[in-house]
Protein chains: 2
Amino acid sequence: MKAEFINAFLTAVLNILSTMARMKAKPGTPAIKADQIAKGDVTGLIGMAGDQARGTLAVTFTKPVILAITERMLDEKLDEIDDTVTDMVGELTNMVTGGAKKILSEKGFRFDMAIPSVISGKDHVVIHKSKNPIVVVPFSTEAGDFFVELCFEQMS
Amino acid sequence: MKAEFINAFLTAVLNILSTMARMKAKPGTPAIKADQIAKGDVTGLIGMAGDQARGTLAVTFTKPVILAITERMLDEKLDEIDDTVTDMVGELTNMVTGGAKKILSEKGFRFDMAIPSVISGKDHVVIHKSKNPIVVVPFSTEAGDFFVELCFEQMS
């Protein structure tokens, strides 16, 4: 995967957390996902498709991290992954992908976004059925870590 | 959602199960998904995006149904939802969407497909974060039922 793809999403994640949740996140080193398994409590997933490439973005949170982010965004105390929280996960997924889409379109790279889905359920597993490697970027925050998974297939 | 969207996916599901798994499935009445929750053991999910519309398809199976379908497709006995089975769920999701895409493109309706994801984990829940209603079509087979969820947003 091109470094500019990864950087566009990485930049979008940091921008959105900083502006929407006043939260600093520290990105770790992007890695190729070996076992194709991210376990978390809630995942936002969105498809991207266009003439030049197709892909999927998944953002997987544990409960403490997504509660902390949502609390900061809404300024209210939350105890459970309820509709408010899954709405926020869908919205964050949309915003991150929209942000990256804007950055990449300025580089002449265009795609359209599908509708975000949110998956919940303890220890659910999301597997991307791509012929290409999956890149995972861990982000650490004061409330814990979350993971961004990215897969892209460029059309030849 | 337009009836021709639903019918295109319904036709694609029946065609693929019949030709690939020699399995008859009986579609139930399409319904608006009230609680936005399909519980299953494994779900194939794919995004669709284009200038005219964006959407998501989810196919949710219980373990007995997907094992029966995979066994018929591969002609081997399976006991667990392993990599072979999740590969098959991804492939089925791809084939159904590809089939529906072909039918709809003949009606002048074009979209591109994202990369399929497969979600596993007991009682996981998939929520589509769309402003439009989600249509769910139950299918019954000799091995049990499975569910196709479809959401589409047309651009104005």
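This one's a predicted model, so the numbers in the text were calculated from it and none came from an experiment.

Calculation notes
Residue indices follow the written sequence of each chain, beginning from 1 at its first position. Ligands are numbered from 1 and chains lettered from A, in the order in which they are written. Per-residue local features are limited, in this predicted model, to residues with pLDDT of at least 70; the limit for side-chain atom pairs, both in listing and counting, is 80 or more; totals at the level of whole chains, interfaces and linings are taken over all residues. The side-chain quantities take in all heavy atoms of the structure and omit both hydrogens and water. For Phe, Tyr and Trp, where Trp contributes only its six-membered ring, two rings pair if their centres lie within 6.5 Å, and the inter-plane angle classes them as stacked under 30 degrees, edge-to-face over 60, or tilted in between. Helical segments are the DSSP runs of H or I of at least four residues, strand segments are the runs of E of at least two, and each set is numbered from the N terminus. The cut-offs for exposure are 20% and 50% of the maximum accessible area for each residue type, with area from a 1.4 Å probe on protein chains only; residues under the lower value are buried, those over the upper are exposed, and the others partly exposed. Whether a charge sits over a ring depends on NZ of Lys or CZ of Arg being within 6 Å of the ring centre and within 35 degrees of the ring normal. Axis lines are fitted through C-alpha atoms, for helices just across the contact stretch, and the angle between N-to-C directions can take any value from 0 to 180 degrees. Geometric relationships in this document are graded by angle, where less than 35 degrees denotes roughly parallel, more than 145 denotes roughly antiparallel, 65 to 115 denotes roughly perpendicular, and other angles denote oblique. Contacts are residue-level and defined by heavy atoms, with any inter-residue pair within 4.5 Å sufficient. Any residue that is not Ala, Val, Leu, Ile, Met, Phe, Trp, Tyr, Cys, Pro, Asp, Glu, Lys or Arg is counted as polar, Gly included; the first ten are nonpolar and the last four charged.

Q: Talk me through the packing of aromatic side chains; I want residue IDs and the actual numbers.
A: Residues and elements named next belong to chain A. Enumeration over the complete set of coordinates arrives at 14 aromatic pairs over all chains. Both rings, one in F9 and one in F152, keep their centres 6.1 Å apart while their planes meet at 55 degrees; by these two values the pair is tilted. Taken together, the residues F9 in helix α1 (residues 3-21) and F152 in strand β8 (residues 144-154) connect sequence positions 143 residues apart. Each member of the pair F9 and F152 is classed as buried. Judged by centre distance (6.4 Å) and plane angle (75 degrees), the rings of F109 and F152 are edge-to-face. Of this pair, F109 sits in the loop between α3 (83-105) and β5 (112-113) while F152 sits in strand β8, and the two are 43 residues apart along the sequence. Put simply, the rings of F5, F9, F109, F111 and F152 touch in pairs and so form one group of aromatic residues. K101 extends its terminal NZ or CZ atom over the ring of F111, reaching a point 5.7 Å from the ring centre.

Q: Mind laying out the packing of helix α2 (residues 63-74) of chain A against α3 of chain A, listing which residues take part and the relevant values?
A: All names here are of chain A. Interhelical geometry of α2 versus α3 gives an angle of 85 degrees and a closest axis separation of 10 Å. Comparing their axes, α3 and α2 come out roughly perpendicular. Across the interface between the two elements, I66, L67, I69, T70, M73 and L74 of α2 pack against T84, V85, M88, V89, L92 and M95 of α3. Here the contact of α2 with α3 is built from residues that sort into 10 nonpolar, two polar and no charged.

Q: So what about unusual backbone geometry? Which residues, and what values?
A: One can expect most non-glycine residues to show negative phi and most peptide bonds to be in trans. Residue and element names in this part refer to chain A. Unlike most non-glycine residues, R22 shows phi in positive territory, near 45 degrees. Relative to the helices and strands, R22 is located in the loop between α1 and β1 (26-27). You can call R22 exposed: its relative accessible area is 53%.

Q: Explain the environment of G144 of chain A residue by residue, including any values.
A: Residue and element names in this part refer to chain A. If you trace the backbone, G144 turns up in strand β8. In this structure the C-alpha to C-alpha distance between G144 and T97, which are 47 residues apart in sequence, comes to 22 Å. Ignoring any residue separated from it by four or fewer positions in sequence, one finds G144 in contact with V65 and F139.

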